[in-house]
Amino acid sequence: MGLSKCHLKYQHYYFKVGPRIVQYIIKVIMQALQLFYVLLKMDTPSYILLQNPPGLPSIAVTRLFCFLKKSQLIIDWHNYGYSILSLTNGPESPVVHIAKWYEHIFGRFSKYNFCVTNAMKEDLLVNWRIKATTLYDKPPSMFQETTLQLQHKLFMKLSVDYPQFKAHSDPSDFNIEKSAFTELNKKNGIVIHTKGRPVLLISSTSWTEDEDFTVLLRALQDYEELIRNGIKLPPLVCVITGKGPLKKYYTQLMEEMYFKHIHICTPWLEAEDYPLLLGSADLGVCLHKSSSGLDLPMKVVDMFGCCLPVCAVNFKCLHELVKHEENGFIFEDSKELAEQLQVLFSDFQSDSCKLNRFRQNLRESKQMRWDESWDQTVLPIIRGCSKAQ
């Protein structure tokens, strides 16, 4: 049971006046009371699996509940909460120091620990004296390559609200139905890619401080300039999904940019459409930079589940997921990203192009799915604990 989320919907209702440190203290107290109340209403579980972050006040409250009810607390470390707080409050903020102390102390009270990278496993042991087992995030089974038939259906659906998915011209044959990327022959039901179609590039984001989208925008400017200078490259549709606090800021930047060969849209997709779009895209771009340098972007995990190659901005432990020149590219800045886009898209419809080689490598890797990873890593530990009891 993931209990760390059950109290979060309340946090923005309380105390928006006064010094920030006072706001945090009052908010944490209210959340602690609410969470403990919710836990007491539950049937007593044998184990509580708590994801961190958010861990303040979840770890302490859940540990108290486990002590009273003789349950076992398991913490799933996805990152450090204090490092995320430092993005908006600064590393020297009292709030950040309190959060770090809290995680350091109360994080040791769990019976078992899982973490998302080997780098975090080492950091937890060396700096926090916490032993953890690496449990890599894996894509759920819904993330698969999308068939051409489903791609066409999705593109036609999206074209109602987003003109970037519409065909540039009406077909001369009324038996043909076209999107910007696909065309359906209504007589035989066969779907093919539209000749001369644009590249479909996708990036998903929560529009927060740990993702600098000016890197992608500058790379797209360089890509546009290459086409204007006579370099033969396909047009590009860039889809950026998600919502978050900085979306308005970046949307305004995009509106101020002039592109002739690139079209950008920022849709909010229905839950069932997001995996389909990933499975329909040509390339994923990830701008996630871990606040701690120790976690991995789940969006890339989902993209790989769809056999979608990626270009990802580099940070400390990214190599545990993205293998440069094998399942994608790792870049340092916008210039390098623009160069990678040129390499990947110069012949992107050729069967022998680098983009297709990356995709084939992902297909052949036979990636483990989340339920398989859980059965292989988590269940043996829980069963071993049950026998010991």
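Residues numbered from 1 in each chain as written. Predicted model: local features only at pLDDT ≥ 70, side-chain atom pairs only at ≥ 80, totals over all residues. Heavy atoms only, no water.

### Points about the pattern of salt bridges
For the coordinates displayed, the defined rule picks out eight salt bridges. Note that Asp 273 is salt-bridged to Lys 157, the shortest N-O span being 2.8 Å. Taken together, the residues span a long stretch of sequence, with Asp 273 in helix H9 (residues 273-278) and Lys 157 in helix H6 (residues 148-159) at a distance of 116 residues. On the accessibility criterion, Lys 157 (37% relative accessible area) is partly exposed. The closest approach of N and O atoms between Glu 224 and Arg 228, which form a salt bridge, is 3.2 Å. A residue pair is termed a helical-turn pair when its members lie 3 or 4 positions apart in one helix, as Glu 224 and Arg 228 do in helix H7 (residues 214-228) at four residues. When salt bridges with common partners are traced through the structure, they connect Lys 157, Glu 270 and Asp 273 into a single cluster. (Salt bridge = Lys/Arg side-chain N within 4 Å of Asp/Glu carboxyl O. Helix = DSSP H or I, 4+ residues; strand = E, 2+ residues; numbered from the N terminus. Buried < 20%, exposed > 50% of the residue type's maximum accessible area, 1.4 Å probe, protein only.)

### Brief notes about the nonpolar core
Residues Leu 124, Leu 277 and Val 322 are the most contacted members of the largest nonpolar core, which totals 62 residues. With sequence-adjacent residues up to four places away left out, Leu 124 is seen in contact with Trp 77, Tyr 80, Cys 115, Arg 129, Ile 130 and Ala 132. Ranked by size, the runner-up nonpolar core spans 37 residues in total, among them Ile 240, Phe 331, Leu 341 and Phe 345. (Core = buried A, V, L, I, M, F, W, Y, C linked by side-chain atoms within 4.5 Å. Contact = heavy atoms within 4.5 Å.)

### Section: the sheet that holds strand E1 (residues 47-52)
Strand order in this open sheet of four strands is E1-E2-E3-E4, and the pairing throughout is parallel. The sheet terminates laterally at E1 and strand E4 (133-134), the two strands that pair on one side only. Seen against the sheet, helix H5 (residues 118-128) touches strand E2 (72-77), strand E3 (112-115) and E4 and runs at an angle of roughly 140 degrees to E3. (Pairing = 2+ DSSP bridges. Axes fitted to C-alpha atoms, helices over the stretch in contact; angles between N-to-C directions.)

### Remarks on a nonpolar patch on the surface
A contiguous nonpolar surface patch, about 500 Å² in accessible area, is contributed by Ile 21, Val 22, Ile 25, Ile 29, Leu 33 and Ile 98. Sort the elements by how many residues they give to the nonpolar patch and helix H1 (residues 20-41) lands first, with five residues. Residue Ile 98 is classed as partly exposed on the basis of its relative accessible area, which comes to 43%. (Patch = residues over 30% accessible without salt bridge, like charges linked within 9 Å, V, L, I, M, F, W, Y side chains within 5 Å. Areas by Shrake-Rupley, 256 points an atom, 1.4 Å probe, with all protein chains shown as cover.)

### So, the pairing of strand E10 (residues 262-265)
Two faces, one strand: in a regular strand the side chains alternate between the faces of the sheet. The pairing of strand E9 (residues 236-241) with E10 spans four bridges and is parallel. When the sheet's bridge partners are listed, Val 239 is paired in E10 with Cys 265. Between the parallel pair E9 and E10, the chain is carried across by helix H8 (residues 247-255), and the sense of this crossover is right-handed. (Right-handed = clockwise from strand over helix to strand, strands pointing away.)

### Things to note about the environment of Pro 91
Its place among the elements puts Pro 91 in the loop between helix H3 (81-89) and helix H4 (94-106). For Pro 91, a relative accessible area of 57% gives the class exposed. In this structure, the C-alpha to C-alpha distance between Pro 91 and Trp 101, residues 10 residues apart in sequence, is 13 Å. Those residues in contact with Pro 91, other than ones at most four positions away along the chain, are Ser 86, Val 96 and His 97.

### Quick look at the pairing of strand E6 (residues 182-185)
Pairing analysis gives three bridges linking strand E5 (residues 176-178) to E6, with the strands arranged antiparallel. Residue pairing across strands places Lys 178 opposite Glu 183, the latter belonging to E6. As consecutive antiparallel partners, E5 and E6 are separated by three residues. As paired strands, E6 and strand E7 (residues 191-193) are joined by three bridges and run antiparallel to one another.

### Let's talk about the sheet that holds E7
Read across the sheet, three strands follow the order E5-E6-E7 without closing on themselves; strand pairing throughout is antiparallel. Two strands in the sheet have a free side with no partner beyond their single neighbour: E5 and E7. When strand polarity is set aside, the average angle formed by the axes of neighbouring strands in this sheet is 25 degrees. Seen against the sheet, H6 touches E5, E6 and E7 and runs at an angle of roughly 75 degrees to E7.

### Topic: the UniProt feature "domain: Glycosyl transferase family" (unreviewed entry) in the protein
With numbering matched to this structure, UniProt assigns "domain: Glycosyl transferase family" (unreviewed entry) to residues 198-360. Between the end C-alpha atoms of residues 198-360 there is a gap of 21 Å, over a span that is 35% helix and 17% strand. (UniProt positions renumbered as here; feature names shortened; annotations may be inferred.)

### Remarks on the side chain of Arg 197
Examined against the element boundaries, Arg 197 turns out to sit in the loop between E7 and strand E8 (199-204). A polar contact is formed between the side chain of Arg 197 and the side chain of Asp 282, at a distance of 3.0 Å. Sequence-distant contacts of Arg 197, that is, excluding residues within four places in its chain, are made with Ala 180, Phe 181, Asp 282, Phe 348 and Gln 349. (Polar contact = N/O pair within 3.5 Å; in protein donor to acceptor, adjacent residues only side chain to side chain.)

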